[in-house]
Amino acid sequence: MTIENPVLRDVVRFENKDAYSRDAAHRFVALAAQSRSAQRPFTVALTGGSSPTTLYRLLTEPPCRGAVDWDGAHFFFGDDRAVAPDDENSNYRLARETLFAPLNTPEANIHRIVGELPDHDEAARRYEAELKAFFGLEDGQFPRFDLILLGMGPDGHCASLFPHKPALREQTRLAVASEPGLAPFVPRITLTRPILNAAANVLFMVPGADKAETVARILEGPPDFDALPSQSIQPTQGTLTWLLDKDAARLLKV
Ligand code: 6PG
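Report follows, based on the coordinates. (Residues numbered from 1 in each chain as written. Predicted model: local features only at pLDDT ≥ 70, side-chain atom pairs only at ≥ 80, totals over all residues. Heavy atoms only, no water.)

The full count for this structure, using the stated rule, is 14 salt bridges. Close ionic contact of arginine 40 with aspartate 146 constitutes a salt bridge, the shortest N to O distance being 3.1 Å. Residue arginine 40 is found in the loop between helix H1 (17-37) and strand E2 (42-46), and its partner aspartate 146 is found in the loop between helix H5 (120-135) and strand E5 (147-150); the two are separated by 106 residues along the sequence. Owing to a relative accessible area of 41%, arginine 40 belongs among the partly exposed residues under this scheme. The buried category is assigned to aspartate 146, whose relative accessible area is 8%. Residues glutamate 128 and arginine 173 are paired through a salt bridge, measuring 3.1 Å at the closest nitrogen-oxygen approach. Highlighted residues: glutamate 128 in helix H5 and arginine 173 in the loop between E5 and strand E6 (175-178), separated in sequence by 45 residues. Like glutamate 128, the residue arginine 173 is buried in the burial classification. (Salt bridge = Lys/Arg side-chain N within 4 Å of Asp/Glu carboxyl O. Helix = DSSP H or I, 4+ residues; strand = E, 2+ residues; numbered from the N terminus. Buried < 20%, exposed > 50% of the residue type's maximum accessible area, 1.4 Å probe, protein only.)

Bringing the packing of aromatic side chains into the picture now. Counted under the stated rule, the structure contains 13 aromatic pairs. Ring geometry for phenylalanine 28 against tryptophan 70: centres 5.7 Å apart, planes inclined by 35 degrees, an arrangement best described as tilted. Within this pair, whereas phenylalanine 28 is found in helix H1, its partner tryptophan 70 is found in the loop between helix H3 (64-67) and strand E3 (73-77), the two being separated by 42 residues in sequence. Under the relative-accessibility criterion, phenylalanine 28 is labelled buried at 1%. The class for tryptophan 70 is buried, based on a relative accessible area of 12%. Between phenylalanine 134 and phenylalanine 135, the aromatic rings sit 5.2 Å apart at their centres with planes inclined by 80 degrees, giving edge-to-face as the arrangement. For phenylalanine 135, a relative accessible area of 21% corresponds to the partly exposed category. Within the aromatic cluster, the residues linked to one another by ring pairs are Phe28, Phe42, Trp70, Phe75, Phe77, Tyr92 and Phe100. Above the face of the tyrosine 92 ring, arginine 112 is positioned so that its terminal group lies 5.3 Å from the ring centre. (Phe/Tyr/Trp six-rings, centres within 6.5 Å; stacked < 30°, edge-to-face > 60°. Lys NZ or Arg CZ within 6 Å of the ring centre and 35° of its normal.)

Here it is, written out as structure tokens:
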């Protein structure tokens, strides 16, 4: 696996989750304003996990709440678990409870992965069809999201792209079914690496001492994309920003 063009990467450290979440909220509001000025929808891929929860809350409260044209915001998911939408493991459920319900997001603006389908490949294909229809894509084209939010697991996975798993090597599909390498051990559906790397802006939010060693390998170690999926996320024509809390950043040399 190779990366064609090295990208400019911004790594920013914060005292804690509250601080990086405020920064992420500021970036979200600024990008939403750019889309609005350009009279385009603001397209966002959300992440699951615990890292974005404070960000989602901040977005629903003043001043962010009043600063975004929410009718113009369209929410997709970087990945979801193959579970029902009200399951405790559902990333959609997390977003619905913490973001969509407080904001009264119109259903037409929520593009969820139908994780409850028994055939996970069919769930991935339906999600691809939704992406193609929304972004008006031909076969072989990838959408350019305005913002893709990502967390990172201690093993270096992001979305549901796990180390050494086939989903990580997918080059042509927009979304695929994926087997987890880490708990919770439920099958997943994930956006693929080419979509993540086609984004206009990718924002990682990574807290916690248990991720410090992997953060240091990704940001300061040699390339090893198959072992460190998050290291292979390098948008070819977009920005890449890593927001770290001080625990996650503690082994960085620079
Ligand atoms: C998921 C995620 C996943 C997550 C990381 C980090 O559905 O599991 O999208 O990629 O972002 O595992 O999770 P935490 O934020 O909980 O550490």
